[in-house]
Amino acid sequence: MDRILKGLLRPIFLSRILSITILATLFGLPPLSAQTAMLKGLVKDESGATVPAANVEIRNANGLVKSTVADSSGAYSFSGLMAGDYSVQASAPNLSQAQPATARIASGTHTLDLHLEVSKIVQQLTVQDTQTGSVSTASADNANALVLRGQDLDALSDDPDDLQADLQALAGPSAGPGGGSIYVDGFSGGEIPPKSSIREIRINQNPFSPEYDKLGLGRIEILTKPGSDRYRGTINYNLGTQLWNSRNPYSAEKAPFLLNEFEGDAGGPLGKRASFTLDAQRNLVHNGSISNGVMVNPQSFALTPFSSTIVTPQALTRLAPRIDYQLNEKNTLTLRYSFTHANITDAGIGALDLASRGYREQYTNQTVQVGESAVLGSAVNETRFQFYRAAIQMLANSDSPEIQVLGSFNGGGSQLGKSFDTQNTFELQNNTSMIRGAHSIRFGIRLRAYTEANISPLDFNGTYSFTGGLGPELNSANQAILDAAGQPILTPISSAEQYRRTLLFQQLGYSPSQIRALGGGASQFTIDSGTPELSVHQFDGALFGGDEWRLRPNLTVNLGLRYEAQTNIHDWKDVAPRVAIAWAPKGPAVLGKTVFRAGFGIFYDRFAITNTLAAQRYNGLVQQQYAVANPDTFPTIPSLGTLAAYRSTQITEEVSSQLRAPYLIQSAVTMERKVGNAVTFAITYSNSHGVHELLSNDINAPLPGTYNPGAASSGVYPLGRPGPLFLMESAGLYNQNQVIANGTARLNSGLSLFGFYVYNKALSNTDGISTFPANPYNVSGEYGPAATDIRHRVTFGGSVNLRGNIRISPFLIMQTGLPFNITSGNDPYGTTLFNARPAFAANPNQAGLIATPYGLLDPNPTAGEEIVPRNYGRGPSQLSLNMRVAKTIGFGGEREHRAKSASSGGGGGSLNPVIAATGRGLGGVIGSPTTSRRYNLTIAMSARNLLNHTNPGPIIGNITSPLFGQATQIAGAPNGEGFYETANNRRLELQIRFAF
């Protein structure tokens, strides 16, 4: 065992030598022998689990005060102490220390563990004029952050995918176009662990910290539970069935749904110097996958709405052991491994996709984490290493070509073929924290390496697309209606109508030219060929340093600097300064109750390895993408050798040599206020200015006025050869303004509430690397609402503990609608894309106009007409109320820590005797969520979308679709298991938990 540990620790010791050298050189770190005394220990809660990031203060009779923050393993230390008597006090959100611990310090090292309990009503009522009721100027204590632990987590879902959605809703619309970020135990990427293994969740904390590459607004930090000094564990079972649920409003019948989830975790000591935790999960789900749209009746050739439901079986297994080992008095080692395997049958079905588009999916994710913390004189050094491997394989149920009828349905087979993808991520961090007088200094390094091996025969079977457009108006005999001049009267036809005419006239034996003259025929055919195997790699690194300088007791200044760089782009100038100021006004009415904060920082986004993979794959050599406009071969797949005869063009992709890493210039001001000892609220204004945002453009599109969509070889191409060249560029712009009002209320041990309101206005000319301008030669209409432009959002949640060990946990989300792009469904610019936008009609009597809720729109704009701006449409608002009601039954003997509390007069979870005696106020109904018994059985019912409100999903923006402006599914995206978990509108789950 010792030999294995030494092998694992070799790279850690090398990074440790570097940290010691930096400390000694930059800060004059004295030798350990010069320190007179040291006090160290662990901060623990009632269950014996350690409390990361707890605040710890030490005082002596002369008023000497030192403070520190416990590290990720709950360890704290003070060095350079003179001999004498000290009092030590620790605190954490919703946890407090009954009374300060005392320590008599002499020379040498002393150990003192601190124990926190859930805050009691009696403490909150009797403690006055102390720091308990104050807000702090410390950077990590910003009141617009939300820290969830213990009972606060009960308001969130047990399912990791639903949990992620809940957390992203709590974080609010993220600052910037990159979206929110999630860190698990300090690592980026990876999987969200089961909720039973989560120790604490921090949201929007310390927004301008130089330690992170992502802005704090929208950042989610998850800390898992370490081992403890006593054995503990939980066993959970969740049951869901369609019998309890409501029908999905987009399904003609109630979709099948059966969920069986088995979860468990256990932990305890392994001898005197080690402890362990073990998490296990087994999910068996039969989910109803619902498809909706409009398709052609094969007998009558009439356009008919369809709704289909099939069962998608899914099985998931997860196992995650963790060991915490104290190497010696100054070094602690953490080892964690996580294994997840899932198998899904008939994945990828939902929305507009028919059952034939299904595929089988299997994936295996593995995570290895090694962490080591050490006390180096007056500093604490942490080294963390993570290896994350994600391996996925997908097998299409059918090898038929795909049929895309835009905005109506998607049929044929899945174009995934037989695909494999393996991603390996290596991440090494080394961070050092130290206190030097009024300075809290933290610096470190992060190194990441990525490799991806991919086998992807995507679209090797070909795809036919039907987009709609202008076609002759037909009479009852399906013949063209002629005008007075004997010419067909043209009218807009939908994508489904174009497909219907193709099938109808093919059955009647018409030639391809006759079918196209009557408005039928496919709009485009695409097919890929070449070598499906490809491997790429990428490396990035970052250095940071920060100083939290407490200039005065009521004034703190934070200065930080971060530098980042990566391979695969020619950009090595990513310097990110960070600065923040926190000031508490003086005066008896405001001292300790009000804090003003201001911050500024630059935050970079990395260029993803998947973008490099796409550019190298579709360079015209590894694989070839062919596109044929207006093909006359449907449904036959032409051979690759004959594509030239069908006016085919080849599509290639490149990364611009001038591409830079996008970055966000962020500034914010906040006012925080504490009301009494229970309520804290904050109001924040933030501004985000993003430059060099990623987008793509066809730089070889035919020159304006030279391309005729109906002509065979029209167009003058800038590069001299036909065929699009999709260039990935960093020419995007993003601007966002937010006003955020949030508050928390922890009125007593039985009632805690939190909530926020966000006004958000975000404008941009791109929503990411896959965004193309509608007109490659005119981007004037591209600047408009960003995909993150949710104007108003309200979130409210909390936990209420009633007498009888009953807990109620509500979670409410309300928001205005998302923007969506309005397109005309055609390709007038020869880019092979169908993202062109219509124009506002200048002449209401013009032929071919389409009436929409946004006015008369012209799908074929003429000179002088105003093009509809990007993301001009707006979806409906959404409302979702989730609720959990739980009852706990205790049995067995008294728990040891409860007995100790009772003997010392604490009474774990007891009410204030004055309130309890009168039965007035909250004391008449408020109780403890748990019992003082050794064993607890909790029976709960959890409801998602309790009010059964219909929340439409993505809106169809193609004006040639018969479903324009409508949704075909309820809100939600494919979850981590590979299917839409939206079979039912209101979903209930029976939950049983046994804890010891």
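Since we're looking at a predicted model, the values are computed, not measured.

Asker: Looking at this model, I keep getting lost on the confidence of the model for the protein chain. Mind explaining?
Answerer: Parts of the prediction with low pLDDT should not have their coordinates interpreted in detail. Averaged over all residues, the pLDDT of the protein chain is 83; the fraction at 70 or higher stands at 85%. Counting contacts from residues 1-9, a segment whose pLDDT is below 50, to residues more than four positions away or on other chains yields seven contacts. With pLDDT under 50 throughout, residues 897-924 is counted as low confidence; its partners more than four residues away or in other chains account for 35 contacts.

Asker: Please clarify how the pattern of salt bridges should be interpreted in this entry.
Answerer: Between side chains of opposite charge, a pair can form when the charged atoms approach closely. Applying the stated criterion across every chain, the model contains 24 salt bridges. Linking Asp-113 and Lys-44 is a salt bridge whose minimum nitrogen-to-oxygen distance equals 4.0 Å. You can see Asp-113 sitting in the loop between strand E8 (108-111) and strand E9 (114-115) and its partner Lys-44 sitting in strand E1 (residues 37-44), a full 69 residues away along the chain. According to the relative accessible area criterion, Asp-113 is partly exposed, its value standing at 32%. Classification of Lys-44 by relative accessible area gives buried; the value is 8%. Residue Glu-497 pairs with Arg-500 through a salt bridge whose shortest N-O separation is 2.9 Å.

Asker: What is the right way to read the packing of aromatic side chains from this model?
Answerer: Aromatic ring pairs: the centre-centre distance and the angle between the two ring planes describe each pair. The final tally for this structure, using the stated rule, is 22 aromatic pairs. Measuring from ring centre to ring centre gives 5.0 Å for Tyr-237 and Phe-262, while their planes differ by 35°; the resulting arrangement is tilted. Taken as a pair, Tyr-237 in strand E16 (residues 232-241) and Phe-262 in strand E17 (residues 257-269) lie far apart in primary sequence, 25 residues in all. Residue classification places Tyr-237 among the partly exposed residues on the basis of a relative accessible area of 24%. Here Phe-262 falls in the partly exposed class, since its relative accessible area comes to 39%. Ring centres of Phe-466 and Tyr-499 lie 5.0 Å apart, and the angle between their planes is 75°; this geometry places the pair in the edge-to-face category.

Asker: What is the right way to read the side chain of Arg-578 from this model?
Answerer: Within the fold, Arg-578 resides in strand E33 (residues 574-583). Despite its burial, Arg-578 pairs with no opposite charge; the closest candidate is Glu-564, at 4.8 Å N-O. Among the polar contacts made by the side chain of Arg-578, one reaches the main-chain carbonyl oxygen of Tyr-212 at a distance of 3.1 Å.

Asker: Help me understand the environment of Ser-67, please; the structure alone is not making it clear to me.
Answerer: With respect to the element layout, Ser-67 can be found in strand E3 (residues 65-69). Once the C-alpha coordinates of Ser-67 and Ser-440 are considered, the two residues, 373 residues apart in sequence, prove to be 9.6 Å apart. Beyond its immediate stretch of four places on either side in the chain, Ser-67 contacts Val-56, Glu-57, Phe-78 and Ile-435.

Asker: Got a minute to help me understand a nonpolar patch on the surface in this structure?
Answerer: A contiguous nonpolar patch, built from Ile-889, Phe-891, Tyr-935, Ile-939, Ile-992 and Phe-996 and spanning about 490 Å² of accessible area, is present on the exposed surface. For Ile-992, the location among the structural elements is in strand E52 (residues 987-995). A residue is classified by how much of its surface remains accessible, and Ile-992, at 35% relative accessible area, is partly exposed.

Asker: Would you mind showing me how to read helix H6 (residues 609-617) here?
Answerer: Side chains of residues three or four places apart in an α-helix project in the same direction, reflecting 3.6 residues per turn. Three or more residues of H6 are buried, namely Ile-609, Asn-611, Thr-612, Leu-613, Ala-615 and Arg-617. Buried positions along H6 lie against strand E26 (439-455), strand E31 (533-552), strand E35 (623-629), strand E36 (648-655), strand E38 (679-698) and strand E39 (725-748).

Asker: In this structure, what is going on with the nonpolar core? I would like to understand it.
Answerer: Across soluble globular proteins, nonpolar side chains have a tendency to be buried as a group. Counting residues in each nonpolar core, the largest one holds 26 residues, and the members touching the most others are Val-405, Phe-466 and Tyr-499. For this core, the secondary-structure elements that each account for two or more residues are strand E18 (274-296), strand E23 (402-405), strand E27 (463-466), helix H4 (495-507) and strand E30 (524-530). Top element by residues in this core is H4. It accounts for four residues. The contact partners of Phe-466, leaving out residues within four places of it in the chain, are Ile-403, Gln-404, Val-405, Leu-406, Ser-495, Gln-498, Tyr-499, Thr-502, Gly-521, Ala-522, Ser-523 and Phe-634.

Asker: Help me understand unusual backbone geometry, please; the structure alone is not making it clear to me.
Answerer: With the exception of glycine, most residues fall at negative phi, and the peptide bonds are largely trans. Residues Phe-634 and Pro-635 are joined by a peptide bond in cis, for which omega reads 0°. Inspection of the secondary structure assignment puts Pro-635 in the loop between E35 and E36. One non-glycine residue, Phe-301, adopts positive backbone phi at about 60°. Given the relative accessible area of 11%, Phe-301 is considered buried. In this structure, Asn-568 takes a positive phi of about 75° despite not being glycine. Turning to its location among the elements, Asn-568 is positioned in the loop between strand E32 (555-566) and E33. The exposure class assigned to Asn-568 is partly exposed, which follows from its relative accessible area of 32%.

Asker: What am I meant to see in the pairing of E17 here?
Answerer: Most of E17 sits out of view: ten of its 13 residues are buried. Examined bridge by bridge, E16 and E17 share ten bridges and lie antiparallel to one another. By the bridge assignment, Asn-236 is partnered in E17 with Glu-263. Across 13 bridges, E17 lies against E18 in antiparallel orientation. Considered in E18, the bridge of Leu-258 is made with His-286. The antiparallel hairpin formed by E17 and E18 contains four residues in its connecting segment, where Gly-271 sits at a positive phi of about 80°.

Asker: I'm lost on the sheet that holds strand E14 (residues 198-203) in this one. Help?
Answerer: Sheet strands pair by backbone hydrogen bonding; their relative direction is either parallel or antiparallel. Strands sit in the order E11-E14-E15-E12-E13 across an open sheet of five strands; the sheet is mixed. The sheet is open, and its two borders are formed by strand E11 (146-148) and strand E13 (187-188), each paired with just one other strand. Pairing of E14 with strand E15 (residues 219-224) involves five bridges; the strand directions are antiparallel. Paired with Arg-202 across the two strands is Glu-221, which belongs to E15.

Reading the values: the criteria
- Residues numbered from 1 in each chain as written.
- Predicted model: local features only at pLDDT ≥ 70, side-chain atom pairs only at ≥ 80, totals over all residues.
- Heavy atoms only, no water.
- pLDDT = per-residue confidence, 0-100.
- Contact = heavy atoms within 4.5 Å.
- Salt bridge = Lys/Arg side-chain N within 4 Å of Asp/Glu carboxyl O.
- Helix = DSSP H or I, 4+ residues; strand = E, 2+ residues; numbered from the N terminus.
- Buried < 20%, exposed > 50% of the residue type's maximum accessible area, 1.4 Å probe, protein only.
- Phe/Tyr/Trp six-rings, centres within 6.5 Å; stacked < 30°, edge-to-face > 60°.
- Lys, Arg positive; Asp, Glu negative; His and termini not counted.
- Polar contact = N/O pair within 3.5 Å; in protein donor to acceptor, adjacent residues only side chain to side chain.
- Patch = residues over 30% accessible without salt bridge, like charges linked within 9 Å, V, L, I, M, F, W, Y side chains within 5 Å.
- Areas by Shrake-Rupley, 256 points an atom, 1.4 Å probe, with all protein chains shown as cover.
- Core = buried A, V, L, I, M, F, W, Y, C linked by side-chain atoms within 4.5 Å.
- Pairing = 2+ DSSP bridges.

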